[in-house]
Amino acid sequence: SILEAASVEGEVFTAEAVARVIEMDEDQVLGCLSGPLTHKHHLVQAQGLEWLGNQRLSYYRFRHFLFQKYLYDQFDPVQQAHLHQRMGRALIDLHREKIEDLSVILAWHFETAGMKLKAAEYLLQAGNRAVEMFAYDEAISHLKHGLDLIEALPKTPQRDQLEISLLLALGLPYGAVKGPTDAESEQIYGRVKQLTQNIEPSIELFQALLGLKEYYDLRLELQTALQLGYEMRKLAEYLDKPELLLLAHHGIGVTLLYLGRAEDFLNQQRQMLSLYNSEYGNALVEILGYDLLTDTLIGTGWALWFLGYADQSEESYKKVFNLISEPVQPYFTNAFMSAAYHYVSLGEVAHARDMAEKAIALAREHGFSFWLGGALGPMGWVLAEEGHLEKGIKMIHDGLAILKGIGSWLLYQQELSLLAETYLNAGKISKGLDVIEEALTMALDKGFLLEEPEIHRLKGELLLSKGGASHEAQVCFHQAIKIARQLRAKSWELRATMSLCRLWQSQGKGKQAKA
């Protein structure tokens, strides 16, 4: 009976757990295992000893896994279920101080025992532990398994709360690996919102709104995202949670920035920073999967450049880099990718390469398709600037293909602008015009105004290179300047003005250019 009970734990088993399952004195079990079962029958062998506090754990192994399997298969399904339940409880009792280390094993025991709810609880623990270790694929596997186990269970408050916890835990690693714009991300957070709407307003509902807002932001459904941001702010105020309120201010600001309202973004960030402290920041990393202060500084750097404050913008990015320490955490992939776009806008090839290479390396190491797709664009631009035009164009196309596949239209549109500029430099004017028309249509349809002036300017440059279209080009430059002024986008205005002045100079209109 000792070996039969041991076969339930597995090829490697714990003498103390076996003793509890068969309700036998531990010393007797140890005597049998290290005595005749080892030296006379050669069925098992001792593996080692471990202490957890005052609890001794004695490990043994079957000499052949086929013998363990033979013993286990002697039990019928009902016996197996009862024994797995008892083994699970025995292991919990023995490992109280480090129970999280056994979460996967305990989930298996309780699932085999038919205790699906309890098994799912341990799969939630296993998933959260995997997320902490940035083992996102493993986390997704555990958490989806947990959801599968409880799917058909009767609807009870306990069961629904566990589903909410599993879904929210799944959202973070799924968003990192598949991208926050993947259709399943909307389903995950939409389901949490559905489950939480009929109960008292909660942090879980806030997390659902946050996940949905990011989904709609990056898919350029900006009015929907903005409305969700306002709902987040209202809920944070109701819950009287400053850490959630600062997150709501940040979220609203991000959408306003995408809408071209950079000054409003900075106002929201000031409100956010007035509430921020390091304690809140550390706690929010667990919810967001990235550092909020870093993300805020990145957005601030872009907004300041947009408004024409280049020096202040660079200072903001320097603060980002000061926050990144070795070893670099995977969630800083976003910081490197965003910085790569920043240096592309400045025309700083070496810095853009450095940032893009770091983002691509982290994205590939951890399987982050969203950030990989986003970082391939600036890396392709770098290659083209270095003279490798075809290689650069192919890399940008690779990034676009990834982003299109996951519906990340915000980054997709930004990469379209990079591709159009690269086609311009390569002399492929017709292809560049096709790309810029796609980007312009998307900007107008989606309301993503942050780069609209630059799209008009690039269209003008492409038309000039085509030849015989100087009037149409001038119209594009004037349109770029007009929109930039409406948005108070001094950097885009300056860039478009320079393009217009170069055109006038080529036409012998030097006085107009100087004016």
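Peer 1: For this particular structure, what's the right way to read the packing of helix α9 (residues 136-150) against helix α10 (residues 157-178)?
Peer 2: To characterise two packed helices, one gives the angle between the axes of the helices and the distance between these axes. Here α9 crosses α10 at 155°, and the two axes come no closer than 9 Å. Judged by the angle between their axes, α9 and α10 are roughly antiparallel. Considering only the axes of α9 and α10, their crossing is left-handed. Residues Y136, D137, A139, I140, L143, K144, G146, L147 and I150 of α9 lie in contact with α10, whose contacting residues are R159, L162, E163, L166, L167, A169, L170, L172, P173, Y174, A176 and V177. Its residues placed into classes, the contact of α9 with α10 shows 16 nonpolar, 1 polar and 4 charged.

Peer 1: Would you mind going over the pairing of strand β2 (residues 44-52) with me for this structure?
Peer 2: Here is the key point about a regular strand: its side chains alternate between the two faces of the sheet. Pairing between β2 and strand β3 (residues 55-62): 8 bridges, direction antiparallel. Residue pairing across strands places G48 opposite Y59, the latter belonging to β3. Linking two consecutive strands that pair antiparallel, namely β2 and β3, is a turn of 2 residues; a positive phi of about 65° is found at G53 within it.

Peer 1: Can you help me understand the nonpolar core in this one?
Peer 2: Inside soluble globular proteins, nonpolar side chains tend to come together where they are buried. Counting 146 residues, the largest nonpolar core has L166, F206 and F306 as the members making the most contacts within it. For this core, the leading source of residues is α10, giving 11 residues. Those residues in contact with L166 that sit more than four places away from it in its chain are A120, L124, L143, G146, L147 and I150. Counting residues in hydrophobic clusters, the runner-up holds 39 residues, among them Y60, L83, L91 and I99.

Peer 1: What am I meant to see in empty space enclosed by the protein here?
Peer 2: By rolling a water-sized probe across the atoms, one finds the places where empty space is left. In the structure shown here, the tally under the stated rule is 1 cavity of 30 Å³ or more. Considered as a void within the structure, the largest cavity measures approximately 50 Å³ in volume. The wall of the largest cavity is formed by Y290, D291, T294, D295, I298, Y331, F332, N334 and A335. Mapped by element, the contributors of at least two residues to the lining of the largest cavity are α17 (292-307) and α19 (333-346). In terms of residue count, the dominant contributor to the lining of the largest cavity is α17 (3 residues). In the lining of the largest cavity, the residues fall into 5 nonpolar, 2 polar and 2 charged.

Parameters and conventions
Residues numbered from 1 in each chain as written. Predicted model: local features only at pLDDT ≥ 70, side-chain atom pairs only at ≥ 80, totals over all residues. Heavy atoms only, no water. Axes fitted to C-alpha atoms, helices over the stretch in contact; angles between N-to-C directions. Helix = DSSP H or I, 4+ residues; strand = E, 2+ residues; numbered from the N terminus. Parallel < 35°, antiparallel > 145°, perpendicular 65-115°, else oblique. Left-handed = near helix turned anticlockwise from the far one by under 90°. Contact = heavy atoms within 4.5 Å. Nonpolar A, V, L, I, M, F, W, Y, C, P; charged D, E, K, R; others polar. Pairing = 2+ DSSP bridges. Core = buried A, V, L, I, M, F, W, Y, C linked by side-chain atoms within 4.5 Å. Buried < 20%, exposed > 50% of the residue type's maximum accessible area, 1.4 Å probe, protein only. 1 Å grid on protein atoms, 1.4 Å probe; cavity = no way out; pocket = protein on both sides within 12 Å on 5 of 7 lines; lining within 4 Å. Points joined across faces, edges and corners; volume = space filled by probe spheres on them.

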